[in-house]
Amino acid sequence: MSEQVGVAWVRVGAEAELPEGSQTEVTVDGVSVVVVRYEGQFYALRNNCTHKDYPLLGGEVSMGRITCQKHGAKFELSTGKAKTLPAVKPVRIYRTLVEDGEVYVAPL
């Protein structure tokens, strides 16, 4: 990895195997992270709704947001900010990197 020596980058997979709309779960430092490909970009958020401790993986993605399937809270992919109730706290976001056709995630 050419970026940031000392940062623990986790391989998500080959970019070609992560089509538009895909969601993939990886573990970063023992934490479940959901990686979403939306409008050609990769976003990574902690795979956990801040409202009731429920996974975001599999939630509907639209308008730049992912929706928790349990109670409908929406989180902005780019910032992790809670955009609708019942959630009020943001979800932690992670850095993404595409290098040599591979997608990686690391803590911010």
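All figures in this text were calculated on a predicted structure; none of them were measured in a lab.

> Any chance you could explain the overall build of the protein here in plain terms?
The number of helices and strands found in the protein is zero helices and nine strands. Ordered by position from N to C terminus, the α and β elements of the protein give β-β-β-β-β-β-β-β-β. Taking 108 residues into account, the globule formula puts the C-alpha radius of gyration at 13 Å, and the protein, at 13 Å, falls close to it. Reported as C-alpha extents along the three principal axes, the dimensions of the protein are approximately 40 × 25 × 20 Å. A buried classification covers 41% of the 108 residues belonging to the protein. Residue pairs in contact within the protein that sit at least 24 positions apart in sequence constitute 40% of those at least 6 positions apart. Put simply, the protein shows about 5,900 Å² of open surface, and 47% of that area lies on carbon and sulfur atoms. In the protein, which carries 12 positive and 13 negative side-chain charges, the distance between the mean positions of the two groups comes to 13 Å.

> Is there a simple way to explain the UniProt feature "domain: Rieske" (unreviewed entry) in the protein in this structure?
Per the UniProt record, "domain: Rieske" (unreviewed entry) is found at residues 10-105. The straight-line gap between the two end C-alpha atoms of residues 10-105 is 5 Å; of that span, 0% is helix and 46% is strand.

> Sorry, what's going on with the nonpolar core here?
It is characteristic of soluble globular proteins that their nonpolar side chains tend to be buried jointly. Core analysis: the largest hydrophobic core is formed by 14 residues, its most contacted members being V36, L45, C49, L56, I66, F75 and L77. Sort the elements by how many residues they give to this core and strand β3 (residues 31-38) lands first, with three residues. Once you skip the residues sitting within four places of it in the chain, I66 turns out to touch Q23, V36, L56, G59, E60, V61, A73, K74, F75 and L77. Listed in part, the eleven residues of the second largest apolar core include V26, V28, V35 and V103.

> What exactly am I supposed to notice about the side chain of N47 here?
Inspection of the secondary structure assignment puts N47 in the loop between β4 (41-46) and β5 (61-62). Polar contacts involving the side chain of N47 include one to the main-chain amide nitrogen of L57, which spans 2.7 Å.

> In this structure, what is going on with the sheet that holds β4? I would like to understand it.
Neighbouring strands of a sheet are bound in pairs by backbone hydrogen bonds; such pairs are parallel or else antiparallel. The strand order across the open sheet formed by six strands is β1-β9-β8-β4-β3-β2, and the pairing between neighbours is antiparallel. In this open sheet, the two edge strands, each paired with only one partner strand, are β1 (10-14) and β2 (23-28). The mean angle between the axes of side-by-side strands here comes to 30 degrees, regardless of whether they run parallel or antiparallel. In terms of strand pairing, strand β8 (residues 93-99) meets strand β9 (residues 102-107) through six bridges, oriented antiparallel. Across the sheet, residue Y94 finds its bridge partner in β9, namely P107.

> Please clarify how the pairing of β8 should be interpreted in this entry.
If a strand is regular, its side chains alternate between the two faces of the sheet. Bridge count between β4 and β8: two bridges; the pairing is antiparallel. Looking at β8, one finds that L45 is bridged to I93. With antiparallel pairing between neighbouring strands as the criterion, β8 and β9 make up a hairpin whose turn holds two residues, including D100 at a positive phi of roughly 55 degrees.

Cut-offs used in this document
Residues numbered from 1 in each chain as written. Predicted model: local features only at pLDDT ≥ 70, side-chain atom pairs only at ≥ 80, totals over all residues. Heavy atoms only, no water. Helix = DSSP H or I, 4+ residues; strand = E, 2+ residues; numbered from the N terminus. Rg over C-alpha atoms; globule rule 2.2 N^0.38 Å. Buried < 20%, exposed > 50% of the residue type's maximum accessible area, 1.4 Å probe, protein only. Contact = heavy atoms within 4.5 Å. Areas by Shrake-Rupley, 256 points an atom, 1.4 Å probe, with all protein chains shown as cover. Lys, Arg positive; Asp, Glu negative; His and termini not counted. Charge placed at Lys NZ, Arg CZ, Asp CG, Glu CD. UniProt positions renumbered as here; feature names shortened; annotations may be inferred. Core = buried A, V, L, I, M, F, W, Y, C linked by side-chain atoms within 4.5 Å. Polar contact = N/O pair within 3.5 Å; in protein donor to acceptor, adjacent residues only side chain to side chain. Pairing = 2+ DSSP bridges. Axes fitted to C-alpha atoms, helices over the stretch in contact; angles between N-to-C directions.

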